[in-house]
Amino acid sequence: MVYKRVDLAPLGLVLDQPPEIVPPDFWTDGENVTFKRRRSERVNGAAEVWAGVSSPNHVAPTPTDEGGVYWAYASNVGIVVTDGTANYDITPVGGISAVAGNVWSFDILNGVNVMNQGQGEPLYWDGVLANKALPLPDFPTSTTCVSLRAYKFHLVALNLGGAAGFDQSYLRWSDAAAPGTIPQSWTIGAGSEAGDNVLGAEPGPIVDAKRLRDSLYIYKSNSVYSMDYIGGDEVMAFRQIFADIGAMALNCIADWQGQHVVLTADDVIIHDGQNWRSLIDDRNRETLFAALNQDQRLNSYLVAVEDADEIWVCIPTMSNIYPDTAFVWHSDTDQWSIRVLPGIRYTNYGDMPPAADLNDPGVWSDYVSETWETIDRPWNERTIEATDQAAVGVTDNKALAFGFSTDFDGSSFQTRFTRASLDFGLPEQVKLCRRVIPRFQAPDGTGFAIRVGSQLTLSEPITWYNFTMVTGAQPWVDCLVPGRYLSFEFESSFSVDWGMSGFQVEIDPRSGY
């Protein structure tokens with residue numbers, strides 16, 4: 001019998017286009033997937049770190065007075081810092097007035113932590129565990145700001161409000177701070193570099209700001225401005241950079257290799273301060289914004305996972321309040337993938353304190369006096385080293401470090417790759433799929449559900465046929481599925497690291513009828 005063997009190695013997801021017009025080198029659906037080393041892979045899991053976390057809305061790495069790194073958790077009732085072993089309450093003596101959601105901004109000026117929650121006075125913390133956070137000196141009375149960012153030796157308060165009812169386009173910057181300190185004055189006048197401005201060329205509120213090279217880029221909802229230190233009487237110079245893009249919400253800007261990646265109201269873009277381009281248009285933009293819960297869109301955020309060359313665009317979908325899904329851009333390959341963030345409220349990335357050992361599972365010699373039946377610690381987790389960096393996400397009562405486990409906080413999760421509606425260059429002919437030969441890289445004994453789908457016309461739904469495969473026990477699946485358009489799906493919930501470098505299918509072209 002004459003049959004044709006076709007080799008396929010899809011990389012990246014394209015969800016916006018009808019599957020039949022998507023090139024064969026892309027997957028047309030997937031979940032909890034990533035793409036590394038020319039392979040399609042299962043994402044890593046997450047393991048709990050730093051017990052005693054209570055209802056955080058935000059998490060951020062914070063420098064210490066000794067040059068180390070702690071992590072801070074901010075909630076709507078307080079701020080807690082951990083050194084990886086113990087938690088320290090640094091909530092200001094007078095408490096805070098925050099609300100739930102994506103309202104916190106953290107930054108660092110001269111090695112000092114500054115933080116803002118949008119509903120009360122901005123704060124700073126000196127990095128000493130015995131000390132509480134304090135209000136910024138001389139910050140305008142009864143005034144709040146949506147975002148607080150550091151620039152040069154100044155702090156910049158953006159979108160100010162309060163008793164004076166300031167315009168949402170209004171910003172204010174402090175006097176210059178001496179090295180190693182925070183600004184001592186916000187009063188505008190002779191002898192001070194403090195000042196203010198209204199960015200009113202385009203409508204819409206100021207949303208956030210982020211440094212890029214020597215400038216601070218200020219994002220409104222639909223425009224972008226640069227702020228540059230020039231000294232003299234004016235101190236700062238402002239220039240509109242873009243009039244057609246802005247930022248969706250606070251923390252929706254990521255610094256990436258001398259550029260900014262931004263989640264806008266209807267796109268994900270990258271710019272270098274002069275030109276911008278979409279990273280997601282014609283691939284997954286429509287899918288992302290169709291999935292976004294618009295009522296909770298202000299809880300969206302971006303996180304740059306540097307060691308993985310990834311930008312996570314984290315959004316709430318369906319009726320979720322907090323982001324439950326990350327659309328992931330892989331900067332090294334310009335591919336997109338999707339991972340689920342179950343119960344995660346916010347995620348950040350940074351150096352890990354070495355004391356966070358994930359309940360170090362150790363090595364076998366640690367347990368030689370025990371039996372397999374008495375060991376109750378997970379063997380699929382590894383110790384955090386002093387040089388590790390990680391993405392850390394917070395749930396309502398836990399902090400989870402990504403990349404240090406093959407499950408998600410003790411629970412398995414599903415990984416799925418789908419390639420739908422392939423015609424193999426013969427759309428008029430019925431093909432008989434005889435065999436599917438996946439190139440899995442997985443431990444022996446890993447179980448996979450493999451589905452082969454059939455369509456005679458593109459207007460009809462896919463009819464799926466179910467098969468199973470166990471690595472090490474069988475090299476392929478025999479299927480005998482006919483159709484003009486054939487679809488393939490590979491799925492596993494096994495808590496092991498696995499990937500696939502593509503698959504082969506054996507098809508027997510039959511007739512045009």
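Residues numbered from 1 in each chain as written. Predicted model: local features only at pLDDT ≥ 70, side-chain atom pairs only at ≥ 80, totals over all residues. Heavy atoms only, no water.

(A) Geometry of the sheet that holds strand β7 (residues 69-75). What the four strands build is an open sheet, ordered β6-β7-β8-β9; its pairing is antiparallel. Every other strand in the sheet has two partners, leaving β6 (56-63) and β9 (87-89) as the edge strands with one partner each. Between one strand axis and the next, the sheet turns by 25 degrees as a mean value, whatever way the strands run. Across three bridges, strand β8 (residues 79-82) lies against β9 in antiparallel orientation. Across the sheet, the residue bridging to V81 is Y88, located in β9. (Pairing = 2+ DSSP bridges. Helix = DSSP H or I, 4+ residues; strand = E, 2+ residues; numbered from the N terminus. Axes fitted to C-alpha atoms, helices over the stretch in contact; angles between N-to-C directions.)

(B) Up close: the packing of aromatic side chains. Under the definition given, this model contains 21 aromatic pairs. With a centroid separation of 6.2 Å and 80 degrees between ring planes, the pair formed by F440 and F490 is classed as edge-to-face. A residue pair is termed long-range when its members are at least 10 positions apart, and F440 in strand β34 (residues 431-441) and F490 in strand β38 (residues 485-492) qualify at 50 residues. F490 shares its class with F440; the two are buried. For R42, the ring lying beneath its charged end belongs to F413, and the centroid distance is 4.0 Å. (Phe/Tyr/Trp six-rings, centres within 6.5 Å; stacked < 30°, edge-to-face > 60°. Buried < 20%, exposed > 50% of the residue type's maximum accessible area, 1.4 Å probe, protein only. Lys NZ or Arg CZ within 6 Å of the ring centre and 35° of its normal.)

(C) Structural view of the pairing of strand β39 (residues 499-509). A large share of β39 lies buried, amounting to nine of its 11 residues. Relative to β39, strand β1 (residues 4-8) runs antiparallel, the two sharing five bridges. Opposite L8, over in β39, you have F503 as the bridge partner. By the bridge criterion, nine bridges tie β34 to β39 in an arrangement that is antiparallel. Residue L432 lies in a different strand from β39, and its bridge partner there is D508.

(D) View of the layout of surface pockets. If you add up the space inside the largest pocket, you get close to 880 Å³. As for the largest pocket, its lining consists of 31 residues, of which P61, F106, K210, N348 and Y349 are closest to the centre. (1 Å grid on protein atoms, 1.4 Å probe; cavity = no way out; pocket = protein on both sides within 12 Å on 5 of 7 lines; lining within 4 Å. Points joined across faces, edges and corners; volume = space filled by probe spheres on them.)

(E) A look at the pattern of salt bridges. Summed over the entire model, instances satisfying the criterion amount to 16 salt bridges. Ionic pairing is found between E310 and K36, a salt bridge with its closest N-O pair at 3.2 Å. Remark: K36 occurs in strand β3 (residues 33-36) and E310 occurs in strand β27 (residues 310-315); sequence separation between them is 274 residues. Look at E310 and you get buried, because its relative accessible area is 7%. By relative accessible area, K36 is classed as buried at 16%. A salt bridge links R285 to D281, with the nearest nitrogen and oxygen atoms 3.0 Å apart. According to the relative accessible area criterion, R285 is partly exposed, its value standing at 24%. (Salt bridge = Lys/Arg side-chain N within 4 Å of Asp/Glu carboxyl O.)

(F) Summary view of the sheet that holds strand β36 (residues 463-470). Here five strands make up an open sheet; going across it, the order is β2-β33-β38-β35-β36 and the pairing antiparallel. Each edge of the sheet is formed by a strand with only one pairing partner; in this case those strands are β2 (29-31) and β36. Along the sheet, successive strands turn relative to each other by an average axial angle of 10 degrees, direction set aside. The pairing of β2 with strand β33 (residues 415-422) spans three bridges and is classified as antiparallel. Across the sheet, the residue bridging to G30 is F417, located in β33.

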